[in-house]
Amino acid sequence: MKKVILPAALLLVLLILAVHLFHRPELPNLSHLQLQQQFSVKPVASVDHTQFEQLQKAFATPQDVTEACIDCHNERHKEVMASSHWNWERISYVEGRGIERMGKQNVINNFCIGTSSNEQSCAKCHIGFGMSNNLFDFNNARNVDCMVCHDHSEAYIKGTSAAGYPDRSVNLSQVAQSVGRPGNINCGACHFSGGGGNNVKHGDLEMALLEADRSVDVHMAANGINMTCVDCHEAENHKMKGTLYSVSSTHVNRLQCSDCHSTTPHNDRMLDVHTGKIACQTCHIPEYAKVNATKMAWRWSEAGHLKDGEPYSVMDSMGREVYLSIKGSFEWASNVKPEYVWFNGHATHYILGDEVDTIPLQVNRLLGAANDRDSKIYPVKVHRGDQIYDPNTKMLIQPKLWSDAKGDSAFWQDLDWHEAATAGMLEVGLPYSGEYEFIPTEMYWPVNHMVSPKAESLSCAECHTRDNGRLAGLTDFYLPGRDRHAGIDILGKLMIFGALIGVMIHAMARFIMAIRNKEIESEDINY
Amino acid sequence: MQRIYIYKQFERFWHWTQAILVLFLAMTGFEVHDSIHLFGYENAVVYHRIAAWMLLGLIVFSIFWHVTTGEWRQYIPSFSKLSAQIRYYTIGMFKGEAHPTHKTARNKLNPLQAVTYLGFKLVMAPLIVVTGMVYMFYRTIDANDMVVVSEIPLAWIAWLHTFGAYLLMMFVVIHVYMTTTGSTPLSNIKAMLTGYEELEPVDENSIIKNKEAHEA
Ligand code: HEM
């Protein structure tokens with residue numbers, strides 16, 4: 001027995017060692033604490049605009065306010081006028097296309113389709129005054145709208161279908177004296193309500209972020225670090241950091257989690273290794289539209305129906321519009337699990353006049369693949385729908401949607417697709433054959449906000465699982481736990497069970513033979 | 001019958017630690033493979049990696065021990081009695097015949113065992129250890145400039161490793177069963193635990209002579 005003691009003792013030592021290794025106490029994440037320190041100090045305004053005499057007067061027009069701004073900030077308007085917020089387009093190099101000007105003026109989206117011929121209404125979200133058609137003068141500094149981003153009074157609102165002018169009720173003097181660093185409500189006024197309502201477009205950007213708790217968004221949580229949009233989307237010289245691939249196409253000026261958090265933020269090698277191929281958002285944003293629903297589908301093809309000769313709308317049980325004669329039918333969803341794609345920071349877009357080459361048409365296509373060294377897996381909201389299309393020219397049609405009066409060819413007034421298509425395509429200078437139909441379309445929205453607390457991030461087995469894992473759709477690489485060689489698995493099981501059955505038969509044979517041999521022996525004795 | 005000291009202390013320690021580690025590696029490995037659910041995926045990965053390092057350490061020790069003690073010679077298979085041994089397990093033992101070979105401290109593996117364990121040491125273990133190490137250090141080229149093993153697809157490495165795991169499990173099944181074929185069903189296991197086994201006293205020199213005569 002003494003001889004067993006030493007091995008047993010050694011084994012025990014190894015076991016203790018193993019237990020020690022398994023239960024590593026969690027170390028404080030110093031870089032994370034440092035970030036919390038950094039962002040808990042909130043910036044304080046260095047000047048008080050109520051003190052300036054230039055602003056203590058009644059302004060006749062919003063342009064007068066802009067002039068007053070430029071009087072002191074006498075170079076800033078140039079920065080603004082170089083931005084995509086002003087130009088509604090960027091110049092970028094796109095693979096296969098070359099140098100392109102791309103933006104709201106020529107890119108199609110999957111919601112209200114496009115701004116062309118609808119500027120008067122769409123310009124509610126343009127940082128300028130007077131964009132009523134495609135003749136807007138982008139060189140006139142007087143038309144820069146400083147207030148929409150810098151107002152702190154929360155009294156500044158843009159007028160509806162007012163070409164970007166403020167609502168008539170706004171007290172310009174009050175607003176001019178209350179300006180400062182943009183707050184979440186300034187950004188949110190447009191970015192929360194794209195597509196015509198709260199959270200319609202993004203799914204991860206909505207009003208609830210103004211008063212979120214940590215489970216909705218760890219960064220913007222009012223009961224947490226309470227960061228503002230511009231804490232991350234720094235706008236040094238009015239150059240916003242961060243791009244959204246609904247309109248952007250290139251991997252420039254991108255805002256990444258790693259800008260603050262580094263690519264090895266976990267205190268855990270196994271997790272840090274994942275950052276090479278998995279975007280942070282994939283694990284840390286398990287769901288979007290956590291508070292209010294987002295639109296998942298918009299079918300224009302169903303627009304135009306009438307009830308008793310009149311346009312109508314239908315609400316679902318949650319009070320959400322699911323049908324509108326002027327727009328078609330919608331699908332909403334909340335707490336949505338994202339879909340996942342390989343993405344390398346480059347995208348292509350359907351630009352007005354392009355020939356449609358796939359059906360469903362991806363109005364924006366996120367590029368990337370498993371074997372592309374720059375690609376990572378990203379979560380996306382995929383918005384599906386259908387859009388009006390010319391089967392003869394094979395182009396999507398930019399319809400004229402908005403007008404303030406009937407009889408102006410606008411679909412939202414007259415509900416006549418043919419008229420709207422003729423007027424819209426005429427305005428953008430593209431041919432229209434006179435025939436139209438509807439084709440399915442998709443739009444890809446990378447999900448970047450609504451980061452969940454650590455405890456709610458994805459667990460390993462959400463992806464590393466045989467069936468129905470989160471990454472079930474991405475099959476072009478080997479994912480442990482999900483993938484296997486079916487043949488090897490069958491062979492392996494045959495080997496194990498074959499061996500088991502084999503030894504069982506052998507044992508049985510031994511047993512029977514042993515009994516028989518004994519019988520023979522005993523018989524021998526009997527005789 | 002005589003109580004003979006046949007398995008040395010290190011051997012027994014090595015054998016049982018290896019047995020535990022391999023079973024533990026199989027349990028955690030097949031959880032990583034999503035065949036079973038025991039510890040949770042995350043733990044399975046961590047445990048598998050720790051146990052793998054422990055197994056590697058043990059293997060290094062045992063190689064050292066086998067080389068320095070000359071015990072590695074035990075694994076040189078003698079093919080002369082191999083067929084006799086196979087005949088014994090398939091036919092002879094049912095007829096109540098005696099073992100065709102004698103187990104002694106200096107010659108404790110029968111020819112079939114020697115071949116099998118040699119196969120274990122030269123094929124199965126290297127297969128699973130090498131593919132396991134490559135699996136562990138596998139990185140595709142990525143933005144973090146990690147170690148690069150991207151020329152071999154991960155799928156191949158994982159397939160080989162999984163195949164090795166199945167092979168090993170098959171070995172374990174047969175191996176455990178074969179331990180019951182000693183003089184009594186538990187005598188072999190007892191020997192591996194205590195080091196002593198009741199054996200027919202044999203003049204070892206005569207056996208070696210016999211062997212040499214056979215091979216000549
Ligand atoms: C030194 C020895 C070993 C090393 C270095 C090793 C390493 C690994 C690694 C790195 C993985 C991938 C999961 C992970 O990243 O943790 C893995 C998976 C696996 N291991 Fe091992 N392992 C070893 C021994 C074993 C043994 C002895 C068995 C079974 C008897 C085993 C069975 C498995 C199985 C079934 C998988 C899953 C493969 C898949 O589905 O892709 N491994 N091993």
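For the structure given in this document, a descriptive report is provided here. (Residues numbered from 1 in each chain as written. Chains lettered and ligands numbered in written order. Predicted model: local features only at pLDDT ≥ 70, side-chain atom pairs only at ≥ 80, totals over all residues. Heavy atoms only, no water.)

Looking now at the pattern of salt bridges. All names here are of chain A. Inspection of the entire model under this criterion finds 22 salt bridges over all chains. The partner of Asp316 in a salt bridge is Arg320, with the nearest N and O atoms 3.1 Å apart. Classification of Asp316 by relative accessible area gives partly exposed; the value is 22%. A salt bridge links Arg365 to Asp357, with the nearest nitrogen and oxygen atoms 3.4 Å apart. Residue class for Asp357 comes out exposed when judged on its relative accessible area of 58%. (Salt bridge = Lys/Arg side-chain N within 4 Å of Asp/Glu carboxyl O. Buried < 20%, exposed > 50% of the residue type's maximum accessible area, 1.4 Å probe, protein only.)

Residue and element names in this part refer to chain B. Every protein donor of the iron atom of the ligand is accounted for by His48 (NE2) and His161 (NE2), and the metal-donor separations fall at 2.0 Å. In this structure, the iron atom of the ligand is surrounded by 6 donor atoms whose angles at the metal cover 85 to 179°, and the resulting shape is octahedral. With His48 in helix H2 (residues 41-69) and His161 in helix H5 (residues 154-178), this residue pair connects regions lying 113 residues apart in the sequence. Here His48 and His161 have matching classes, each one buried. (Donors = N, O, S within 2.8 Å, 3.2 Å for Na, K, Ca; no water. Tetrahedral: all angles 85-135°; square planar, octahedral: opposite > 155°, others 65-115°. Helix = DSSP H or I, 4+ residues; strand = E, 2+ residues; numbered from the N terminus.)

Right, let's get into helix H3 (residues 82-90) of chain B. Among all positions of H3 of chain B, only Leu82, Gln85, Tyr88 and Tyr89 of chain B are buried. With its buried residues spanning 120° around the axis, H3 of chain B presents them on a single face. (Arc of directions from axis to C-beta.)

Attention shifts here to the interface of chain A and chain B. On the side of chain B, 50 residues touch chain A, which itself brings 46 residues to the contact. The junction of chain A with chain B conceals about 4,400 Å² of combined surface from both sides, 70% of it contributed by carbon and sulfur atoms. Inspection of the chain A/chain B interface yields 12 residue pairs in polar contact (both at pLDDT 80 or more). Contributing elements (two or more residues each) for the side of chain A that touches chain B: helix H1 (2-22), helix H12 (269-274) and helix H16 (486-526) of chain A. For the side of chain A that touches chain B, a count of residues per class yields 25 nonpolar, 10 polar and 11 charged. (Contact = heavy atoms within 4.5 Å. Buried area = accessible area lost by both parts, 1.4 Å probe. Polar contact = N/O pair within 3.5 Å; in protein donor to acceptor, adjacent residues only side chain to side chain. Nonpolar A, V, L, I, M, F, W, Y, C, P; charged D, E, K, R; others polar.)

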